[in-house]
Amino acid sequence: MKRRNFLKNSALLAISPSLVKASGRINTITLEENLAALNRQPKQIAASMNDEWDRIAMLYDVSSDFINLENGYCSMLPVPVLESFIQKTKDLNRKLTLFMRKEMETERQAIKNNLADIAGVPTSEIALVRNTTEGMNIVIHGIDLKAGDEIILSKQDYGSMIDAFEQKAKRTGSVNKYINIPLAPLSKQAIIDAYAKAITPKTKLILVSHIINITGQIMPVREICDMAHARGVEVIVDGAHSFGLIDFRITDLDCDYFATSLHKWFGAPIGAGLLHMKTSKIGKVWPLLGDTGKDRNSIEKFEHIGTNPPAVYLSARAAIEFNLLMGIKLKEERLRYLKNYWVDKVKDIPKVKMFTPAANQSCAIATFAIDGMPPAEIEQLLLNQHRIFTVAINNDEVSGVRVTPHVFTSVGQLDKLVEAIRAFVEGKFGPIPEPGAKPTMPAPVKSGKGKKK
Ligand SMILES: Cc1ncc(COP(=O)(O)O)c(C=O)c1O
């Protein structure tokens, strides 16, 4: 369905102004007006229009107690999506099994159709799952591998996926071959070559993270898939951080399997995810939870998880509408702008090391380190002394502090991060907290509600 047709019937358009007013945060502008103003500009210019984005930020119930720069874990819901989630929960509680038995399936299918549309794949290749972990595990544990079959992956892939492949190896005798993905690679080709070199006649599958969560590197997935397919190897893509953050369609990637979490950059409630599998692959993958009631070649065989909270994915509809209104390309450009904004200010400070690649090979996510300061200490000092929440990363290849702004993050907040990093480099910080000590943040500064300095 085209964006305009979808939005013509959008419930969100109808409800957003009143909901946003009801939240007490905004009363003169509407979501539509602001986003329309931004979308009239070339995307890169719109991305830098800070006053407009400060108004967009009012669509989120942002806490004034701390600066949240840890939005890579999961996304705060915009108020209209939150309200939809609450309303769906109330409606469900009233009708309960009448809704679940008689109406839910139609609504669920409509949401799947919309998601498939955004993903650019047929609905018959989309399963609703609870998160990336579930989607990826369905594939990893559902494909038949035998002793000696080889998988190519990297230590920069997400820990749960590495765990899943390690467990698979213990059960089947399959062999995991870890490659080194170059940090800040000079070219896409350097990454592709790293995978290509590891392929042998025994290689069955390559795991690729579309965006690496610890560095922000956007991987050349299409090129890796083309290279792998030419050599008879399948590719499974961990799309936890890409769907809803960067503008692409799953078909563009031509991967065999793809899983994502809609509660990350897509902005749906926690517990909504998506699994895509090419039609030709579905029949050979076993469902994780037994379901013989569904056709072997139907993607729905992967959706059987027993009774679960339907309001989560039913309100994904509001998130779909919100994404269509904002435009994922605009979101991508704004988040790239914010990432570049603080990275450009700190990258040349002596003792600061950036793990994040070139500007156009990353978006939103960036990781830094300071010589001589353990990342966990930086994380805690930022929170305790500057009220800035980030996350320390301790990986075999990357040891630093990850910073992920969101569309509601202001440049003023990023200036505070930059000031704090400068202060740390100059040795200006108070007592270092004991490892594991509870954060003791200074009292919040009482400023106008929702105002960010
Ligand atoms: C690269 C990557 N893959 C998978 C996941 C797991 O996502 P979820 O917990 O939503 O399944 C994460 C979580 O941050 C991630 O960063």
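Residues numbered from 1 in each chain as written. Predicted model: local features only at pLDDT ≥ 70, side-chain atom pairs only at ≥ 80, totals over all residues.

Let's shift gears to the overall build of the chain. Helices and strands together make up the secondary structure of the chain, namely 19 helices and 13 strands. Against the compact-globule benchmark of 22 Å for 453 residues, the chain has a radius of gyration of 22 Å, which places it among compact chains. Along the first, second and third principal axes, the C-alpha atoms of the chain reach 60 × 55 × 45 Å. In the chain, buried positions account for 44% of the 453 residues. (Helix = DSSP H or I, 4+ residues; strand = E, 2+ residues; numbered from the N terminus. Rg over C-alpha atoms; globule rule 2.2 N^0.38 Å. Buried ≥ 20, exposed ≤ 12 C-beta atoms within 10 Å, placed from the backbone.)

With that settled, consider the nonpolar core. I206, L207, I224, V235, V237, L274 and A319 are the most contacted members of the largest nonpolar core, which totals 121 residues. Two domains each donate at least three residues to this core, and these are domain 1 (41–70 + 327–453) and domain 2 (98–320). Look past the residues within four positions of V235 in its chain and what remains in contact with it is I206, V208, I224, C225, A228, C255 and D256. (Core = buried A, V, L, I, M, F, W, Y, C linked by C-beta atoms within 7 Å. Domains from an automatic or database assignment. Contact = placed C-beta atoms within 7 Å.)

It is worth spelling out the sheet that holds strand β2 (residues 126–129) at this point. Within the open sheet, the seven strands sit side by side as β2-β8-β7-β6-β5-β3-β4. Their pairing is mixed. If you trace the sheet from one side to the other, it starts and ends with β2 and β4 (175–179), each paired once. Within the sheet, the average angular offset between the axes of one strand and its neighbour, ignoring direction, is 20°. Bridging between strand β3 (residues 150–154) and β4 involves five bridges; their strand directions are parallel. If you follow I151 over to β4, its bridge partner there is N176. Sheet strands touched by helix α8 (residues 104–119): β2 and β8 (273–277). Its angle to β2, the strand with the most contacts, is close to 115°. Strands in contact with helix α10 (residues 159–172) are β3, β4, β5 (203–209) and β6 (234–238); relative to β4, the strand with the most contacts, it is inclined by about 145°. (Pairing = 2+ DSSP bridges. Axes fitted to C-alpha atoms, helices over the stretch in contact; angles between N-to-C directions.)

Moving on, we come to the domain arrangement of the chain. Under the domain assignment used here, the chain contains domain 1 (41–70 + 327–453) and domain 2 (98–320). Placing a centre on the C-alpha atoms of domain 1 and another on those of domain 2 gives a separation of 29 Å. In this assembly, 21 residues from domain 1 lie in contact with 17 residues from domain 2. A per-element tally of the side of domain 1 that touches domain 2 places helix α17 (residues 328–346) first, with five residues. When grouped by side-chain class, the residues that make up the side of domain 1 that touches domain 2 number ten nonpolar, five polar and six charged. (Nonpolar A, V, L, I, M, F, W, Y, C, P; charged D, E, K, R; others polar.)

Okay, helix α6 (residues 79–95) next. Think of an α-helix as turning once every 3.6 residues; residues three or four places apart then point the same way. When the terminal C-alpha atoms of α6 are compared, their 24 Å separation across 17 residues agrees well with the 24 Å that a helix rising 1.5 Å per residue should span. For α6, the full list of buried residues reads V79, P80, V81, E83, S84, F85 and K88. Positioned one or two residues after α6, L96 has a phi angle of 40°, which is positive. (Expected span 1.5 Å × (residues − 1).)

Moving on: unusual backbone geometry. Phi at A364 takes a positive value of approximately 70°, unusual for a residue other than glycine. Mapping A364 onto the fold places it in the loop between β9 (352–354) and β10 (366–370). Among the residues examined, A364 registers 25 C-beta atoms within 10 Å and is labelled buried. Of note, R387 is a non-glycine position whose phi angle comes to about 60°, a positive value. Locating R387 in the fold gives a position in the loop between α18 (375–386) and β11 (388–389).

So, about the pairing of β8. Within β8, five of the five residues are buried, which leaves it mostly tucked inside the rest of the structure. On β8, burial covers both faces: G273, L275 and M277 on one face and L274 and H276 on the other are all buried. In this sheet, β8 lies alongside β2 in antiparallel orientation, the contact comprising four bridges. Within the sheet, the bridge partner assigned to I126 lies in β8 and is H276.

This brings us to the sheet that holds strand β12 (residues 391–394). Taken in spatial order, the four strands line up as β9-β10-β13-β12 in an open sheet, and their pairing is antiparallel. Looking at strand neighbours, the two that pair on one side only are β9 and β12, the edges of this open sheet. Strand-to-strand twist of the sheet, defined as the mean angle between neighbouring strand axes without regard to direction, takes the value 35°. Along the sheet face, α18 touches β10, β12 and β13 (399–403) and points at about 175° away from the line of β12.

Before going further, it helps to spend a moment on the packing of α17 against helix α19 (residues 411–425). In contact at an axis separation of 10 Å, α17 and α19 are set at 25° when each is read in the N-to-C sense. Classified by the angle between their axes, α17 and α19 sit roughly parallel to one another. Remark: the crossing between α17 and α19 carries right-handed chirality. Within the contact between the two elements, α17 uses L338, Y341, W342, K345 and V346 and α19 uses V411, L414, L417, V418 and I421. Residue composition of the contact of α17 with α19, grouped by class: nine nonpolar, no polar and one charged. (Parallel < 35°, antiparallel > 145°, perpendicular 65-115°, else oblique. Left-handed = near helix turned anticlockwise from the far one by under 90°.)

We now examine the pairing of β13. With four of five residues buried, β13 is to be regarded as a mostly interior element. Relative to β13, β12 is paired through four bridges, and the arrangement is antiparallel. Opposite V391, over in β13, you have R402 as the bridge partner. Taking the residues that link successive antiparallel strands as the turn, the β12-β13 hairpin has four residues.

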